[in-house]
Amino acid sequence: MDVILKDQAEKFANELAVQVTTLDDLNGLMRTMMKTALERMLNTEMDVHLQRRGATEPTHTPAPDAAPVATKNRRNGHSKKTVGSDMGEFTLKTPRDRNGTFEPQLIAKGQRRLDGFDEKIRALYAKGMTTRDIQEVVKELYGVDVSPSLVSEITADLDAEVTAWRTRRLDAVWPIVYLDGIVVHVRGENGRVSQHTMYVAIGVNVQGRKELLGLWLSETEGAKFWLSCLTDLKERGVEDMFIVCVDGLSGFPEAIRAAFPQTKVQLCIVHLVRAALKYTTETDSREVATDLKTIYQSATVLEAEEALKKFGTKWDAKYPTVAKQWRAKWADIITLFEFPQAIRKAIYTTNAIESVNSVIRKFTRNRKQYPNAESALKLVYLAIHEASKKWTMPIVGWKAALNHFAIVFEGRLPPHAT
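No experiment lies behind these values; they were computed from the predicted model shown.

Quick notes on the rules
Residues numbered from 1 in each chain as written. Predicted model: local features only at pLDDT ≥ 70, side-chain atom pairs only at ≥ 80, totals over all residues. Heavy atoms only, no water. Phe/Tyr/Trp six-rings, centres within 6.5 Å; stacked < 30°, edge-to-face > 60°. Helix = DSSP H or I, 4+ residues; strand = E, 2+ residues; numbered from the N terminus. Buried < 20%, exposed > 50% of the residue type's maximum accessible area, 1.4 Å probe, protein only. Lys NZ or Arg CZ within 6 Å of the ring centre and 35° of its normal. Contact = heavy atoms within 4.5 Å. Pairing = 2+ DSSP bridges. Axes fitted to C-alpha atoms, helices over the stretch in contact; angles between N-to-C directions. Expected span 1.5 Å × (residues − 1). Arc of directions from axis to C-beta. pLDDT = per-residue confidence, 0-100. Parallel < 35°, antiparallel > 145°, perpendicular 65-115°, else oblique. Nonpolar A, V, L, I, M, F, W, Y, C, P; charged D, E, K, R; others polar. Salt bridge = Lys/Arg side-chain N within 4 Å of Asp/Glu carboxyl O.

Before going further, it helps to spend a moment on the packing of aromatic side chains. Tallied over the entire structure, the rule returns twelve aromatic pairs. Judged by centre distance (5.0 Å) and plane angle (25°), the ring pair of W226 and F252 falls under stacked. Placement of the pair is W226 in helix α6 (residues 223-235) and F252 in helix α7 (residues 252-259), with a sequence separation of 26 residues. Looking at W226, the relative accessible area reads 0%, which means it is buried. Given the relative accessible area of 0%, F252 is considered buried. In this arrangement the basic side chain of K234 is found over the ring face of F260, its NZ or CZ atom lying 5.5 Å from the centre.

Dropping the structure here:
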């Protein structure tokens with residue numbers, strides 16, 4: 001038997017090799033095979049439906065007080081509809097029943113595309129491709145002509161999705177939150193293209209996993225607008241944030257404390273070092289960076305204060321601005337010393353959000369500018385949505401960090417967190 005089946009398979013493969021010589025031939029064959037398989041499964045669904053519902057079903061009631069008239073339900077021909085797939089469009093014959101009670105699950109009524117096709121279009125759109133780009137790629141890969149209206153229909157659904165996502169309810173408690181902005185170019189109502197700031201908020205939940213909390217767009221980056229972003233988070237259910245990690249934007253810590261008075265602020269050390277090196281010569285930059293490292297890598301806050309004094313003694317004469325800036329922001333630099341090493345690694349820099357910004361830049365590389373604010377928000381949402389599929393594991397050392405949070409922020413963690 002096995003030999004016979006093997007011979008039949010080889011014969012079938014040889015026949016296909018003669019018939020299929022191009023990608024279009026292969027797609028055509030696959031469409032035919034898919035159509036046959038789907039129609040067979042739909043017919044099986046109908047068989048199960050007729051068996052489950054029984055031989056008879058009430059179809060109508062001739063009078064208010066009369067009993068329903070029972071009629072044997074049975075097949076009643078087919079209806080045709082065109083369905084799109086990765087390999088192109090084909091016409092399916094869907095079985096009908098006499099009583100009209102059949103609801104196919106494989107391909108639901110009104111469904112015009114098989115699962116997976118829309119996601120591929122959305123993925124291409126997320127990478128910054130225009131409608132014309134998408135048409136060309138789909139045509140090249142699958143030999144399928146995708147109309148501009150189909151692409152627009154698929155991507156238009158994103159408007160409602162993005163709106164729902166931006167207004168969704170959030171968890172009440174977030175142990176760590178990162179806030180940062182990225183510059184994008186948007187065409188305004190006056191037709192001019194100008195720089196806008198895409199405000200990005202990422203939180204680490206009590207399970208230690210990252211989650212994008214919100215996106216906002218404004219023509220400038222400022223502490224005042226950040227306050228409105230934080231207010232939006234509060235209105236959507238956020239009640240407490242333990243530590244917020246930010247860059248050195250003036251007025252930022254004050255805006256955070258205005259919205260969340262109990263929250264501790266940690267300035268991004270990487271941003272502070274970069275800012276310091278702007279004042280130093282190329283010759284001294286490596287040595288200055290090394291001396292700054294002795295400050296933020298100290299074991300205790302007292303050790304860090306001593307290291308800052310030594311830094312000032314060594315460099316104040318040549319670069320007085322560096323130590324002066326660190327002293328001015330000292331209260332929001334030393335937050336990290338209140339926590340063990342596992343938490344320090346998670347909060348001393350906004351690299352978690354910087355990596356998201358790099359994803360945004362990668363996905364939007366083909367978009368030198370956006371036609372409007374809604375387009376920018378939609379595309380950046382798609383880019384981060386793709387990136388967040390990898391956010392499946394807690395950050396390193398999270399259990400130890402959570403136990404420390406339970407002590408430092410006693411009574412503020414939800415009961416189920418530890």
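Attention now moves to the environment of T350. Here T350 is to be found in the loop between α13 (341-347) and α14 (351-363). Put simply, T350 and C245 are 105 residues apart on the chain and 6.1 Å apart in space, counted from C-alpha to C-alpha. Leave out the neighbours within four places in its chain, and T350 touches Y178, C245, V246, C268 and H271.

On the basis of which strands lie adjacent, the open sheet formed by five strands has the order β7-β6-β5-β8-β9 and mixed pairing. Looking along the sheet, the strands with just one partner apiece sit at the ends: β7 (210-218) and β9 (264-267). Strand-to-strand twist in this sheet, taken as the mean axis angle between neighbours without regard to direction, amounts to 25°. Across five bridges, strand β5 (residues 173-187) lies against strand β8 (residues 240-246) in parallel orientation. Of the residues in β8, the one forming a bridge with Y178 is C245. Sheet contacts for α6: β5, β6 (193-204), β7 and β8; angle to β7, the most-contacted strand, approximately 135°. The sheet contacts of helix α16 (residues 398-408) involve β5, β6 and β8, and relative to β5 the element is tilted by about 110°.

Further remarks concern helix α9 (residues 282-296). Between the first and last C-alpha of α9 there are 22 Å, a value that for 15 residues agrees with the 21 Å anticipated at 1.5 Å per step. Looking at α9, one finds that the buried residues are D284, V288, D291, L292, I295 and Y296. Mapping the buried residues of α9 onto a view down its axis gives an arc of 140°, with all of them on the same face. The elements touched by buried residues of α9 are α8 (269-277), α10 (301-315), α11 (320-328) and α12 (330-333).

For the rest of this paragraph, the subject is the confidence of the model for the chain. In the predicted model, the chain carries a mean pLDDT of 80, and the fraction of residues at 70 or more is 76%. In the model of the chain, strand β1 (residues 56-60) stands out as the element of lowest mean pLDDT, 49, in contrast to α10, which has the highest, 96.

Let us look at the pairing of β6. Consecutive side chains along a regular strand alternate between the two faces of the sheet. Within β6, nine of the twelve residues are buried, leaving the element largely enclosed by the surrounding structure. Bridging between β5 and β6 involves twelve bridges; their strand directions are antiparallel. Bridge pairing in β6 places Y178 opposite I202. Counting the residues that bridge the hairpin from β5 to β6 gives five residues, and of these G191 lies at a positive phi of roughly 90°. Bridge count between β6 and β7: eight bridges; the pairing is antiparallel. Paired with G203 across the strands is E211, a residue of β7. Hairpin connection between β6 and β7: a loop of five residues separates the two successive antiparallel strands, and G208 in this loop has a positive phi of roughly 85°.

This part takes up the packing of α9 against α10. For the pair α9 and α10, the least separation of the axes is 8 Å and the interaxial angle reads 155°. The angle between α9 and α10 places the two elements in the roughly antiparallel class. Only A304, A307, L308, F311, K314 and W315 of α10 make contact with α9, whose side of the interface consists of D284, E287, V288, D291, L292, T294 and I295. Considered class by class, the residues forming the contact of α9 with α10 number eight nonpolar, one polar and four charged.

Now for the environment of G110. By secondary structure assignment, the location of G110 is in the loop between β4 (88-97) and α3 (117-126). Here the alpha-carbon distance between G110 and V83, two residues 27 residues apart in the chain, equals 10.0 Å.

Here the focus is the side chain of D284. With respect to the helices and strands, D284 occurs in helix α9. For D284, the residues in contact, after removing those within four places along its chain, are W315, K318 and Y319.

What follows deals with the environment of V246. Within the secondary structure, V246 sits in strand β8. Exposure remark for V246: the relative accessible area of 0% places this residue in the buried category. Measuring from C-alpha to C-alpha, the distance between V246 and G181 comes to 9.8 Å, with 65 residues separating the pair along the chain. When residues no more than four places from it in sequence are discounted, the contact partners of V246 are L179, F252, I256, V265, Q266, L267, C268 and T350.

Glancing now at the pattern of salt bridges. The full count for this structure, using the stated rule, is ten salt bridges. The salt bridge involving R75 is made with D47; its shortest N-O contact spans 2.6 Å. Note that R75 is positioned in strand β3 (residues 75-85) and D47 in helix α2 (residues 23-53), a separation of 28 residues in sequence. In this structure, the salt-bridge partner of R412 is D240, at a minimum N-O distance of 2.7 Å. One end of the pair, R412, is in the segment after α16; the other, D240, is in strand β8, and 172 residues separate them in sequence. Across the pair, exposure class does not vary: R412 and D240 are buried alike. Ionic contacts of the salt-bridge type, sharing partners, join the residues E287, D291 and K314 into one network.

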